[in-house]
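# Structure at a glance
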Amino acid sequence: MPNAIIIALIPLLPLAGFLLLGLLGKRLPGNSSGVIGTLILLISTGLAIYTAYGYFFDYGKVDGIYQKLIPLQYTWLEFSKGVSIDMGIFLDPISVMMIVVVTFVSLMVHIYSLSYMKGEKRFATYYSFLALFTFSMLGLVLSSNIFQIYIFWEGVGVSSFLLIGFYYDRPSAVAACKKAFIVTRFADLGFLIGILILSFYSGTLDFNTLIATLTSPESNQLKSAAAASFLGVSALTWGVVLVFIGGAGKSAMFPLHIWLPDAMEGPTPVSALIHAATMVVAGVFLVARLFPVFAISAPGALHLVAYVGAISAALAAIIACTQTDIKRVLAYSTMSQIGYMMFALGVSKYGGEGGLGYTASMFHLFTHAMFKALLFLGAGAVIHYVHSNEMKDMGGLRKLLPITHITFLIACLAIAGVPPFAGFFSKEEILLAAYQSNSIIYWIALITSGITAFYMFRLYFSIFWNKEPHPHGETHGEGSWAMMLPLILLAIGAAAVGFIPFGNFVSSDGAALESKFHLNFSITPVALGLIGIFTAMWLYRKQNDRPNKIASSLSGLYKSAYHKFYIDELYLFITKKILFNLIGRPAAWFDKNVVDGLVNFTGNTTQLVAEKIKTVQSGKVQQYAIYFLVGVIGLALLFIYILK
Amino acid sequence: MMNGSTIIFYLLAALTLVSGLLSVSTRQIFRAAIYLLFSLIGIAGIYFWLDYQFIAAVQIVVYVGGIVVLIIFSIFLTQQAGEKLAKQKIGRKIFSALAAFCGFALTMLQVYQHEFYEPSETAVSPTVFDIGKKMLSVNDKGYALPFEVISMLLLAALVGCIVIALRNKPEPK
Amino acid sequence: MMQPGLYQLLFISAALFFIGVYGFFTRRNLITMLMSIELILNSVNLNFIAFNKYLWPDKMDGLFFTLFIIAIAAAEAAVAIAIIINLYRSHNSIDVENAEELKY
């Protein structure tokens with residue numbers, strides 16, 4: 001039986017860590033705040049693994065189907081009968097998987113930051129923000145109520161804001177954290193409206209009840225939701241699409257992806273934790289959580305999910321081929337991989353063999369967390385050594401940073417889909433799911449996976465081969481054990497995790513899904529991946545002129561890809577020229593002149609009237625006597641003649 | 001109708017009113033005091049004409065012989081005797097005249113509309129003996145209590161005047 | 001000419017009252033204002049005596065009222081003079097337009 005207290009401790013321990021380190025951290029000596037944070041997270045990770053073991057192997061499975069368990073729930077705010085914001089813990093395969101992922105990656109980042117952020121003045125603040133983020137993310141995945149997930153959604157957004165803007169004296173960091181917060185907040189507006197629509201039609205905010213009422217074909221709620229329509233689309237589809245918009249904002253899907261590359265202004269371990277492995281998959285998690293509603297009752301919305309994911313994957317892959325900042329290459333790579341997860345959900349159906357996409361998406365989420373965190377932490381080690389983010393400052397580092405080199409290579413092979421690393425298995429399942437349902441998306445995904453291999457190995461070769469290294473002084477070596485240990489652990493994960501029979505644990509309806517291995521099918525993506533790797537090796541292994549020649553021959557495409565297809569400029573144009581001028585300025589004028597003017601007018605009038613009235617008190621006794629007599633005569637007339 | 005007492009009455013009334021008007025409108029302060037004096041003498045005359053000799057005597061002794069003298073002393077004390085008084089704004093004068101006239105008209109209207117019934121009792125002219133007996137009697141309808149109160153008022157006024165008009169002693173250094 | 005009776009006396013009294021009121025409103029000198037007040041008080045006295053004579057000729061209440069009013073008026077005039085002298089000391093003038101310290 002699930003122990004509610006142990007499961008509740010998993011998010012609450014980081015919360016305690018946040019409060020402790022936030023309030024007292026500055027007074028703690030040395031880097032003990034980091035050690036405390038890491039220890040707290042170690043306990044949380046242990047409890048998460050214990051819970052996962054218990055759920056998957058002990059009590060979770062009843063009659064061959066993994067149950068959705070709610071070990072703890074209490075009503076926080078009740079609006080009316082049935083509609084209430086509860087706070088509860090929801091255990092189902094994806095949430096248990098997510099708590100393992102989140103705590104493990106967060107633990108790796110905590111250990112890594114002990115060395116990477118050493119000497120930082122706001123060391124304790126950094127660890128308190130990390131703890132806040134971990135608490136919010138764990139709360140998000142364990143939520144049993146759609147409003148509770150929204151609360152933690154915003155909490156994650158705030159933590160991201162704080163961490164991106166950690167170096168707040170850099171104007172670029174400040175601009176980046178504002179952009180991230182505003183774009184995701186704008187998407188969250190859609191999420192909120194979607195919540196309201198869904199809860200209005202289903203009459204509840206609780207996930208289990210909501211999914212049940214909106215997916216069973218006989219329910220009145222489903223009929224009314226499907227019948228009511230706005231602009232030709234049913235209300236239910238609107239609600240689900242709006243919820244997806246919220247998820248798309250958080251997961252940096254096209255066209256709400258503009259914040260993710262800029263978010264690389266934060267410290268590299270933060271990028272590893274938030275913008276690679278955990279926060280950006282929150283959107284995917286949300287769609288997966290509401291997957292029955294998507295698949296059964298709003299298939300049109302699911303098509304939208306699939307195409308948005310596919311477009312994001314392809315777009316990001318093309319842009320990543322041109323970027324020179326290694327963190328930005330990794331950011332676009334993240335966007336591309338999340339696009340994979342999204343369209344895998346999009347092509348999936350509910351239940352049985354058709355639910356392969358769901359399982360594949362969740363499997364890819366799991367493996368992606370491993371190798372993407374590894375890639376970011378490795379990039380952090382390189383940046384720490386070279387003190388620059390640009391590829392041109394790197395090269396030939398394979399001799400100087402051996403452990404980083406090997407682990408980075410393992411991660412690149414994993415993401416390129418080379419067997420036997422983890423990425424091969426998860427990507428192959430995604431491609432299989434796409435092949436089985438939608439051939440356009442399959443071809444987009446296939447070509448994108450080739451491009452993925454290309455740009456990842458372009459990155460690898462540019463860092464570790466290409467040039468001879470500059471003499472960097474022998475002041476410091478590769479990095480302390482605190483930076484190397486997470487790299488090694490994550491590399492082991494990236495290598496080994498692929499062999500887990502994921503379908504036995506996570507599937508769209510809870511029943512086990514056999515994952516088959518189609519040798520013929522797998523040859524195509526692996527071949528494309530190897531072509532990508534060898535192309536990158538041919539262009540980047542030694543310093544040569546071929547990349548520049550290719551870039552100049554494709555100059556138009558190259559230039560627009562380098563400028564990220566001018567999407568940022570488009571947004572700036574829309575907001576500055578159109579929104580500000582048409583809505584912002586008139587609203588400001590109205591506020592300043594009409595609203596303020598009215599208030600000022602009231603004040604000024606009162607003052608003018610008072611100026612006139614105060615002359616009555618002139619201090620002259622005779623005038624008072626005159627007023628007195630006139631008043632008496634007036635009253636006498638009143639009483640004698642008018643009020644008889 | 002046209003007997004001596006009627007004529008004397010109207011002469012006294014004319015004296016009173018004309019002196020009053022002159023008193024409030026003249027620009028020399030000493031003359032105003034003298035006109036006031038004549039007005040008060042006119043009032044005393046009316047009291048005599050009404051057969052209230054005691055009151056008339058009190059009026060002359062207290063008002064004319066006391067208060068007007070006091071006013072004249074104060075005129076000397078504030079060195080106002082010679083100069084002409086300042087003029088008032090014409091607007092104030094007109095407005096006050098109008099207000100006073102309205103008040104007067106209203107009062108006379110009420111007076112003439114009221115039916116005063118004729119008394120049935122016969123007139124009796126009170127002697128000093130009667131007045132004295134009534135003033136100091138402590139039975140009902142006696143005025144001993146107001147008499148005592150007035151004496152306390154006079155005491156308070158006496159002390160008050162001295163205190164208010166006292167010159168401040170210079171502060172001890 | 002009519003036989004002088006209550007109405008004529010009331011006429012005189014009212015006229016004297018409003019003459020005093022006019023004087024009180026118009027005069028700028030404190031002492032002349034005091035004189036106007038004396039006129040007002042005298043008109044009131046005349047009123048009391050008139051009512052006493054013509055409406056209750058066998059009683060003496062009006063008479064006593066008048067007596068007491070004369071006494072009070074004397075006390076009040078004395079106190080007023082004392083105040084005027086004090087004001088003269090601080091302002092060096094007895095123009096009432098100068099005594100407007102209680103202005104807004």
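In what follows, the structure referred to is the one given above.
A few points on the structure. Along each chain, the written sequence defines residue order, and numbers are assigned to residues from 1. Each chain takes a letter, starting from A, and each ligand takes a number, starting from 1, following the order in which they are written. Since the coordinates come from a predicted model, pLDDT governs what is reported: local features require at least 70, and pairs of side-chain atoms require 80 or more to be given and counted, while whole-chain, interface and lining totals use all residues. Each side-chain value is derived from all of the structure's non-hydrogen atoms; neither hydrogens nor water enter the calculation.

### Concerning the overall build of chain B
Assigned secondary structure in chain B consists of six helices and zero strands. Element order for chain B, N to C, with α for helix and β for strand: α-α-α-α-α-α. Every radius of gyration here is taken over C-alpha atoms, with the globule rule written as 2.2 Å times N^0.38, N being the number of residues. Against the globule reference of 16 Å for 173 residues, chain B gives a C-alpha radius of gyration of 22 Å, more extended than a compact globule. Overall size of chain B, expressed as C-alpha extent along the three principal axes, is 75 × 50 × 30 Å. Using a 1.4 Å probe on the protein chains alone, a residue whose accessible area is under 20% of its type maximum counts as buried, one over 50% counts as exposed, and one in between counts as partly exposed. The 173 residues of chain B split such that 35% are buried. Note on contacts: a residue pair qualifies if any of its non-hydrogen atoms lie within 4.5 Å across the two residues. Summarising the internal contacts of chain B: among those between residues at least 6 apart in sequence, 52% fall at separations of at least 24. Per-residue and other accessible areas follow the Shrake-Rupley method at a 1.4 Å probe size, with only the shown protein chains counted as cover for residues. Approximately 10,700 Å² of chain B is accessible, and the part contributed by carbon and sulfur atoms is 71%. Helix and strand definitions follow DSSP, with helices as H or I runs of at least four residues and strands as E runs of at least two, each counted in order from the N terminus.

### Quick word on the overall build of chain C
Along its length, chain C carries three helices and zero strands. Counting from the amino terminus, helix and strand elements in chain C follow one another as α-α-α. Here the C-alpha atoms of chain C give a radius of gyration of 17 Å, more than 25% beyond the 13 Å that 2.2 N^0.38 yields for 104 residues. Across the 104 residues of chain C, 63% fall into the buried class.

### Some thoughts on unusual backbone geometry
Cis rather than trans, the peptide bond between A:Phe254 and A:Pro255 has omega equal to -5°. As for its position among the elements, A:Pro255 is in the loop between α9 (235-250) and α10 (259-262). The step from A:Pro419 to A:Pro420 runs through a cis peptide bond, and the omega angle for that step is 0°. Position of A:Pro420 among the secondary structure elements: in the loop between α17 (402-416) and α18 (422-437). In this model, A:His387 sits at a positive phi of 60°, which is unusual for a non-glycine residue. Within the element layout of this structure, A:His387 appears in the loop between α16 (356-386) and α17. The class for A:His387 is exposed, based on a relative accessible area of 63%. The residue C:Asn92 is not glycine, and still its phi comes out positive at about 60°.

### Concerning the interface of chain A and chain B
Where the parts come together, the accessible area they lose is often given as the size of the interface. Across the boundary between the two partners, chain A contributes ten residues, which contact twelve residues of chain B. Carbon and sulfur atoms supply 69% of the area buried between chain A and chain B, which totals about 760 Å² over both sides. Buried area: the sum, over both parts, of the accessible surface (1.4 Å probe) that disappears when the two are put together. Its largest share of buried area at the contact with chain B, chain A owes to A:Ile626, A:Ile633 and A:Tyr641, together 50% of the area lost on that side. We define a salt bridge as a contact between a side-chain nitrogen of Lys or Arg and a carboxyl oxygen of Asp or Glu at a distance within 4 Å. The interface formed by chain A and chain B holds zero salt bridges in total. Looking at side-chain class alone, the side of chain A that touches chain B contains eight nonpolar, two polar and no charged residues. Residue type decides the class: Asp, Glu, Lys and Arg count as charged, Ala, Val, Leu, Ile, Met, Phe, Trp, Tyr, Cys and Pro as nonpolar, and the leftover types, Gly among them, as polar.

### Looking at the environment of B:Gly45
As for its placement among the helices and strands, B:Gly45 is situated in helix α2 (residues 29-49). Counting along the chain gives 22 residues from B:Gly45 to B:Ser23, while the straight-line C-alpha distance between them is 18 Å.

### A short note on the pattern of salt bridges
Opposite charge on two side chains permits them to pair, given that their charged atoms come into close proximity. Applying the stated criterion to the full structure yields eleven salt bridges over all chains. Close ionic contact of A:Lys179 with A:Asp568 constitutes a salt bridge, the shortest N to O distance being 2.8 Å. In this pair, A:Lys179 is assigned in helix α6 (residues 171-202) and A:Asp568 in helix α24 (residues 567-614), connecting sequence segments 389 residues apart. Across the pair, A:Asp568 and A:Lys179 agree in class, each one buried. Within this structure, A:Lys620, B:Arg92, C:Glu97 and C:Glu100 form a network of salt bridges that share partners.

### Things to note about the interface of chain B and chain C
With 82 residues of chain B at the interface, the matching set in chain C holds 68 residues. Buried surface at the junction of chain B and chain C, summed over both partners, amounts to about 7,200 Å²; 75% is from carbon and sulfur atoms. Run the count over chain B and chain C and you get one salt bridge. Among the ionic pairs, B:Arg92 bridges to C:Glu97, the shortest N-O distance being 3.9 Å.

### Considering α16(A)
Residue and element names in this part refer to chain A. To estimate the expected span of a helix, subtract one from its residue number and multiply by 1.5 Å. Its 31 residues place the ends of α16 43 Å apart at the C-alpha level, agreeing with the 45 Å of an ideal helix rising 1.5 Å per residue. Two axes are fitted around each residue, one to the seven residues ending there and one to the seven starting there, and the angle between them is reported as the bend at that residue. Approximately 30° is the largest bend angle found in α16, and it occurs at His-368. Counting buried residues in α16 gives 30 out of 31 residues, a clear majority hidden from the surface. At the exit of α16 stands His-387, carrying a positive phi of roughly 60°.

### So, the packing of helix α1 (residues 4-25) of chain B against helix α1 (residues 6-26) of chain C
Viewed as axis vectors pointing N to C, α1(B) and α1(C) meet at an angle of 10°, and their least axial separation amounts to 9 Å. Viewed along their axes, α1(B) and α1(C) adopt a mutual orientation that is roughly parallel. Across the interface between the two elements, B:Phe9, B:Tyr10, B:Ala13, B:Thr16, B:Leu17, B:Gly20, B:Leu21 and B:Val24 from α1(B) touch C:Gln8, C:Leu9, C:Ile12, C:Ala15, C:Leu16, C:Ile19, C:Tyr22 and C:Gly23 from α1(C). Residue composition of the contact of α1(B) with α1(C), by class: twelve nonpolar, four polar and no charged. Axis angles are defined between N-to-C directions and span 0 to 180 degrees, where every axis is a line fitted to C-alpha atoms and, for a helix, only to the segment in contact. Put simply, angles under 35 degrees are roughly parallel, angles over 145 are roughly antiparallel, angles from 65 to 115 are roughly perpendicular, and the rest are oblique.

### Some details on the environment of A:Met537
In this structure, A:Met537 sits in helix α21 (residues 519-540). Assessed through its relative accessible area of 29%, A:Met537 is described here as partly exposed.

### Considerations on the packing of aromatic side chains
Two numbers describe a pair of aromatic rings. These are the distance of the centres and the angle of the planes. Residues and elements named next belong to chain A. Put simply, two rings from Phe, Tyr or Trp (the six-membered ring, in Trp's case) pair if the centres are within 6.5 Å, and we call them stacked under 30 degrees between planes, edge-to-face over 60, tilted for the rest. A full pass over the atoms with the stated rule returns 51 aromatic pairs over all chains. With a centroid separation of 5.1 Å and 65° between ring planes, the pair formed by Phe-56 and Phe-505 is classed as edge-to-face. Taken together, the residues Phe-56 in helix α2 (residues 32-59) and Phe-505 in the loop between α20 (481-496) and α21 connect sequence positions 449 residues apart. Residue classification places Phe-56 among the buried residues on the basis of a relative accessible area of 13%.

### With respect to the environment of A:Ile149
Residue and element names in this part refer to chain A. Following the sequence through the fold, Ile-149 ends up in helix α5 (residues 146-164). With relative accessibility at 0%, the residue Ile-149 sits in the buried group. Along the sequence, Ile-149 and Ser-136 sit 13 residues apart, while their C-alpha atoms lie 9.5 Å from each other. Setting aside its immediate chain neighbours within four residues, Ile-149 contacts Leu-140, Ser-143, Phe-191, Phe-207, Phe-285 and Leu-286.

### Some words on the pairing of strand β4 (residues 83-91) of chain A
With nine of nine residues buried, β4(A) lies mostly within the body of the structure. Burial of β4(A) is two-sided: the residues A:Val83, A:Ile85, A:Met87, A:Ile89 and A:Leu91 facing one way and the residues A:Ser84, A:Asp86, A:Gly88 and A:Phe90 facing the other way are all buried.

### Considering a positive patch on the surface
All names here are of chain B. On the surface, Arg-27, Arg-31, Lys-84 and Lys-87 cluster together into a patch of positive charge. Take Lys-84: it is sitting in the loop between α3 (53-77) and α4 (90-113). On the basis of relative accessible area, Lys-84 is assigned to the exposed category, the value being 54%. Patch membership is restricted to residues that have no salt bridge and whose relative accessible area is over 30%. Joining uses 9 Å for like charges and 5 Å for the nonpolar side chains Val, Leu, Ile, Met, Phe, Trp and Tyr. When charges are counted, neither His nor the chain ends are considered; positive counts come from Lys and Arg and negative counts from Asp and Glu. Every charge is mapped to an atom, namely NZ of Lys, CZ of Arg, CG of Asp or CD of Glu.

### Quick look at a nonpolar patch on the surface
On the surface, A:Leu635, A:Leu637, A:Leu638, A:Phe639, A:Ile640, A:Tyr641, A:Ile642, A:Leu643 and B:Leu109 cluster together to form a nonpolar patch covering roughly 800 Å² of accessible area. Among the elements that take part in the nonpolar patch, helix α25 (residues 621-642) of chain A stands out by supplying seven residues, more than any other. Turning to its location among the elements, A:Leu637 is positioned in helix α25.

### Quick notes on the packing of helix α4 (residues 123-141) of chain A against α5(A)
All names here are of chain A. It is the contact of α4 with α5, at a shortest axis distance of 8 Å, that shows an interaxial angle of 155°. One finds that α4 runs roughly antiparallel with respect to α5. Between α4 and α5 lies a crossing of left-handed hand. In this structure, α4 contributes Tyr-126, Phe-129, Leu-130, Leu-132, Phe-133, Phe-135, Ser-136, Met-137, Gly-139 and Leu-140 to the contact, and α5 contributes Ile-149, Phe-152, Trp-153, Gly-155, Val-156, Ser-159, Leu-162 and Leu-163. In the contact of α4 with α5, the residues fall into 14 nonpolar, four polar and no charged. Handedness of each helix crossing follows the sense of rotation of the near helix against the far helix: counterclockwise by less than a right angle gives left-handed, clockwise gives right-handed.

### Focus: the side chain of A:Glu429
On the secondary structure map, A:Glu429 appears in helix α18. Setting aside chain neighbours within four positions, we find A:Glu429 in contact with A:Leu356, A:Thr359, A:Ala360, A:Phe363 and A:Ser515.

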